[in-house]
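Architecture at a glance
Read off the chains here:
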Amino acid sequence: MSTNWVRGSVSLLAALLLGLAAVGCDDAKAEVERTLDEMNDATARRDGEAFVKLLAPESYAPYGQLAQLALDGSASQVEALSISEKVDLLMMRNRMTRKNLAALDGRGWIVHAVNNGWYELHEADEDEEALRKKQTVTVRGSTATVERYYGEWGFFSGGRTGDPVKDYMTFNKVGDRWLYDFRRPAALFEEVVKIASDELNMTTEQVLVRFEQHWSGKAVPRDIWEPMKK
């Protein structure tokens, strides 16, 4: 989910980072689109309970594990996380008290984040219909993979400007619904962070801290990568 960390140069990035919508093929098309539309509606209403009902059940546990790592994980443990995981860990540590975070399991964290507007899914500046025409869905058994193409997208004025970019979303068929697998790393967001890191001559962690400060409106403590204080 997602999943928006610098505006200006940073604004363009944030607008597309967690933008979601999908177009598919065959029988999966309408169901995938319906799930994404309902997810967007749930985040717009800040309705966490409605949002989690649209997620594949296996989505929850990794966020519970991440919450435990946010509480007590060492800097070296955190360093081993993916960029997508570090984003959530930063939110957990910077926006939550230890007591409140410790009370949440993975499902509870997602509900809390959506209720607070921390997972905004629909901020794309581009024309929605045009974007939908640049998407495909591949169905293999009970799994559907949506591939969304953004074409050439210039983030900055550096050498990587104009590289084609795309993102992926995975859905699992549960009963009669296609539900979003929220575990998958945000491929487009991770690429954006790497580009920002190169162009701004920052580490990925420094870029993520800047994003978090912008999104939350809160200063990020210097010891943010260390375990939360007891």
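Residues numbered from 1 in each chain as written. Predicted model: local features only at pLDDT ≥ 70, side-chain atom pairs only at ≥ 80, totals over all residues. Heavy atoms only, no water.

1. Here's the deal with helix H11 (residues 204–216)
To keep it simple, the criterion reads: Secondary structure is summarised from DSSP: a helix means a run of H or I of at least four residues, a strand means a run of E of at least two, and numbering begins at the N terminus for each. Take the residue count of a helix, subtract one, and multiply by 1.5 Å to get its expected span.
Between its first and last C-alpha atoms H11 spans 18 Å; for 13 residues at 1.5 Å apiece the expected length is 18 Å, and the two agree. At the exit of H11 stands Gly217, carrying a positive phi of roughly 70°.

2. Focus on the nonpolar core
The condition is simple: Residues belong to one nonpolar core when they are buried, are Ala, Val, Leu, Ile, Met, Phe, Trp, Tyr or Cys, and are joined through side-chain atoms within 4.5 Å. Residue burial is assigned from relative accessible area. The probe radius is 1.4 Å, only protein chains are included, and a residue is buried under 20% of its type maximum, exposed over 50%, and partly exposed in between.
Leu55, Leu101, Trp109, Ile110, Tyr119 and Phe171 are the most contacted members of the largest nonpolar core, which totals 54 residues. The greatest single-element share of this core, amounting to seven residues, is contributed by helix H4 (residues 60–72).

3. What to know about helix H10 (residues 187–200)
Its 14 residues place the ends of H10 20 Å apart at the C-alpha level, agreeing with the 20 Å of an ideal helix rising 1.5 Å per residue. All of the buried residues along H10 are Leu188, Phe189, Glu190, Val192, Val193, Ile195, Ala196 and Ser197. Immediately downstream of H10, the backbone of Asn201 shows phi near 55°, a positive value.

4. Thoughts on the environment of Val111
The following threshold applies: Should any heavy atoms of two residues lie within 4.5 Å, those residues are considered in contact.
Summarising the element assignment, Val111 is placed in helix H8 (residues 106–115). Those residues in contact with Val111, other than ones at most four positions away along the chain, are Gly48, Glu49 and Val52.

5. Re the packing of H4 against H8
This is how the line gets drawn: Orientation is described by axes fitted as lines to C-alpha atoms, over the contacting stretch for helices, and by angles from 0 to 180 degrees between their N-to-C directions. By definition in this entry, angles of less than 35 degrees are roughly parallel, angles greater than 145 are roughly antiparallel, angles of 65 to 115 are roughly perpendicular, and the rest are oblique. The residue classification treats Ala, Val, Leu, Ile, Met, Phe, Trp, Tyr, Cys and Pro as nonpolar and Asp, Glu, Lys and Arg as charged. All others, Gly included, are polar.
Two numbers describe how H4 lies on H8: the axes approach to 6 Å, and their chain directions differ by 90°. Classified by the angle between their axes, H4 and H8 sit roughly perpendicular to one another. Contact residues: Tyr60, Tyr63 and Gly64 in H4; Gly106, Arg107, Trp109 and Ile110 in H8. When its residues are assigned to classes, the contact of H4 with H8 shows four nonpolar, two polar and one charged.

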